[in-house]
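# Geometric and topological summary
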Amino acid sequence: MASKRVLSIQSHVIHGYVGNKCATFPLQVLGFDVDPINSVQLSNHTGYKHIKGQRMNDSELKDVFDGIVLNDLHGKYSHLLTGYIGTPEFLKKIADVVKTLKKANPKLVFFCDPVMGDNDKFYVPESFVEIYRDDLIPLADIVSPNQFEAELLSGQKIQTEDDAWKVLDWFHSRGVQTAVISSTTIGAPDNLKAFLSELPEGSAKPKRSSLLMPKIGKVNFTGTGDLFAALFLAHTTSSKAASEALEKTVASLQAVIRNTAQHLPSVSNPETQIASVDRELRIVQSKRDIEEPKFIIRAIVHS
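You'll find the protein chain entered in an unreviewed UniProt entry as Pyridoxal kinase, with Phlebotomus papatasi given as the organism. Quoted verbatim from the Sequence similarities (unreviewed entry) field of UniProt, the annotation for the protein chain is "Belongs to the pyridoxine kinase family."

And the structure:
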């Protein structure tokens, strides 16, 4: 049985909290060893005026991963987590990584966060949709797209709860056991709503739950999706049910957002006047909220 060790392939920033910088500390606090491969290394996230750094290409990914395999370390992972990827070629190469890790440890859990964009805006080339849909989603055990990403992958718009369940069923039809849409605009303007569906192996009927999340303030924070994925990965490992993992995840996530919002500078229009540097998530300062999530909102179980 592999120990709780995650190979995490996603972005890295020197300053601030997105990607691996956002995921590593919470996973470590919750008992996981984390081995990060940085798909990009940037000075800061793209919300800043200036961005400098490098992108790892597919041959560089192969090179560093070959080192892991040659040292016979690849069978020690319990989880593979993927997030923001810089190029289509790199993304395609991840399929080989998944297959190699699952051959070494058939119980490995592949958690795919298909980071492509949000609010109808792409962060990556549109060719990512096809690669995720055809190459990576069928290999995934858990997925955590936001509404925009779930719609892109399934080809279905989410305007009602029934739409959300149909989209989650689409993921199950591709072989995904646990699918969660981390946020939707259902419940807007004051709330976001998450939808979760778990289809246990051998079961014909999914276990469904949803959770309504009140919006905190008028500011959008970068990295919340990355934090959601890391927390949900950790809690699915230790929780009795996926719905409980969702509750713990949202409890910690909202605590981090509240802790960050409380330290924002006071301005007349927070949405436009607060700089990116002041919006960085206060993850380290929220250590206790990550270790011991306090349930404020309970999930509604639908089946």
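Attention shifts here to the pattern of salt bridges. Tallying each qualifying case throughout the model produces 13 salt bridges. For K93, the salt bridge identified is with D96, shortest N-O distance 3.5 Å. With K93 and D96 both in helix 3 (residues 88–104) and three residues apart, the pair spans about one turn of that helix. On the accessibility criterion, K93 (23% relative accessible area) is partly exposed. For R174, the salt bridge is made with D134, and the minimal N-O distance between the two is 4.0 Å. In this pair, R174 sits in the loop between helix 6 (161–173) and strand 9 (178–184) while D134 sits in helix 4 (residues 128–136), placing the two residues 40 residues apart along the sequence. Among the ionic contacts, a cluster of salt bridges with common partners joins R5, D33 and D35.

We now examine the side chain of T178. Here T178 shows up in strand 9. The residues touching T178, leaving out its near neighbours within four places in the chain, are D141, I142, V143, L196, S197, E198 and F232.

Further remarks concern the side chain of S197. Assignment of secondary structure puts S197 in strand 10 (residues 191–198). Looking at S197, the relative accessible area reads 0%, which means it is buried. Beyond its immediate stretch of four places on either side in the chain, S197 contacts L168, H172, Q177, T178, A179, P206, K207 and R208.

The next point concerns the packing of helix 7 (residues 224–238) against helix 8 (residues 242–261). Across the interface, helix 7 lies against helix 8 with an axial gap of 8 Å and an inter-helix angle of 140°. On the basis of their axis angle, the class for helix 7 and helix 8 is oblique. Considering only the axes of helix 7 and helix 8, their crossing is right-handed. Together, T224, L227, F228, L231, F232, H235 and T236 of helix 7 and A242, A245, L246, K248, T249, V250, S252, L253, V256 and I257 of helix 8 make up the contact between the two elements. Taken together, the residues of the contact of helix 7 with helix 8 break down into eleven nonpolar, five polar and one charged.

Turning our attention to the sheet that holds strand 8 (residues 142–143). Spatially, the ten strands line up as an open sheet ordered 3-2-1-4-5-8-9-10-11-12, and their pairing is mixed. Unpaired on one side and paired on the other, strand 3 (53–55) and strand 12 (300–301) mark the two borders of the sheet. Pairing analysis gives eight bridges linking strand 1 (residues 5–13) to strand 2 (residues 33–42), with the strands arranged parallel. Across the sheet, I9 pairs through a bridge with I37, a residue of strand 2. Set on the sheet, helix 6 makes contact with strand 8, strand 9, strand 10 and strand 11 (207–214); between it and strand 10 the angle comes to about 40°.

Once that is clear, we can look at a negative patch on the surface. Judged by side-chain charge, D58, E60, D63 and E89 come together as a negatively charged surface patch. For the negative patch, the leading source of residues is helix 2 (residues 58–70), giving three residues. With respect to the secondary-structure elements, E60 resides in helix 2. Given a relative accessible area of 40%, E60 falls into the partly exposed group.

Here, UniProt's "domain: Pyridoxamine kinase/Phosphomethylpyrimidine kinase" (unreviewed entry) annotation points to residues 77–262. In the segment residues 77–262, helix accounts for 44% and strand for 20%; the C-alpha atoms at its two ends are 37 Å apart.

Regular strands show a simple pattern: their side chains alternate between the two faces of the sheet. In this structure, strand 4 (residues 79–82) lies alongside strand 5 (residues 109–112), joined through four bridges in parallel fashion. Bridge assignment links H79 to a residue of strand 5, and that residue is V109. Following the chain from strand 4 across helix 3 to the adjacent parallel strand 5, one finds a crossover that is right-handed. As paired strands, strand 5 and strand 8 are joined by two bridges and run parallel to one another. Residue pairing for strand 8: C112 is matched across the bridge by V143.

Rules and cut-offs
- Residues numbered from 1 in each chain as written.
- Predicted model: local features only at pLDDT ≥ 70, side-chain atom pairs only at ≥ 80, totals over all residues.
- Heavy atoms only, no water.
- UniProt positions renumbered as here; feature names shortened; annotations may be inferred.
- Salt bridge = Lys/Arg side-chain N within 4 Å of Asp/Glu carboxyl O.
- Helix = DSSP H or I, 4+ residues; strand = E, 2+ residues; numbered from the N terminus.
- Buried < 20%, exposed > 50% of the residue type's maximum accessible area, 1.4 Å probe, protein only.
- Contact = heavy atoms within 4.5 Å.
- Axes fitted to C-alpha atoms, helices over the stretch in contact; angles between N-to-C directions.
- Parallel < 35°, antiparallel > 145°, perpendicular 65-115°, else oblique.
- Left-handed = near helix turned anticlockwise from the far one by under 90°.
- Nonpolar A, V, L, I, M, F, W, Y, C, P; charged D, E, K, R; others polar.
- Pairing = 2+ DSSP bridges.
- Patch = residues over 30% accessible without salt bridge, like charges linked within 9 Å, V, L, I, M, F, W, Y side chains within 5 Å.
- Areas by Shrake-Rupley, 256 points an atom, 1.4 Å probe, with all protein chains shown as cover.
- Lys, Arg positive; Asp, Glu negative; His and termini not counted.
- Charge placed at Lys NZ, Arg CZ, Asp CG, Glu CD.
- Right-handed = clockwise from strand over helix to strand, strands pointing away.

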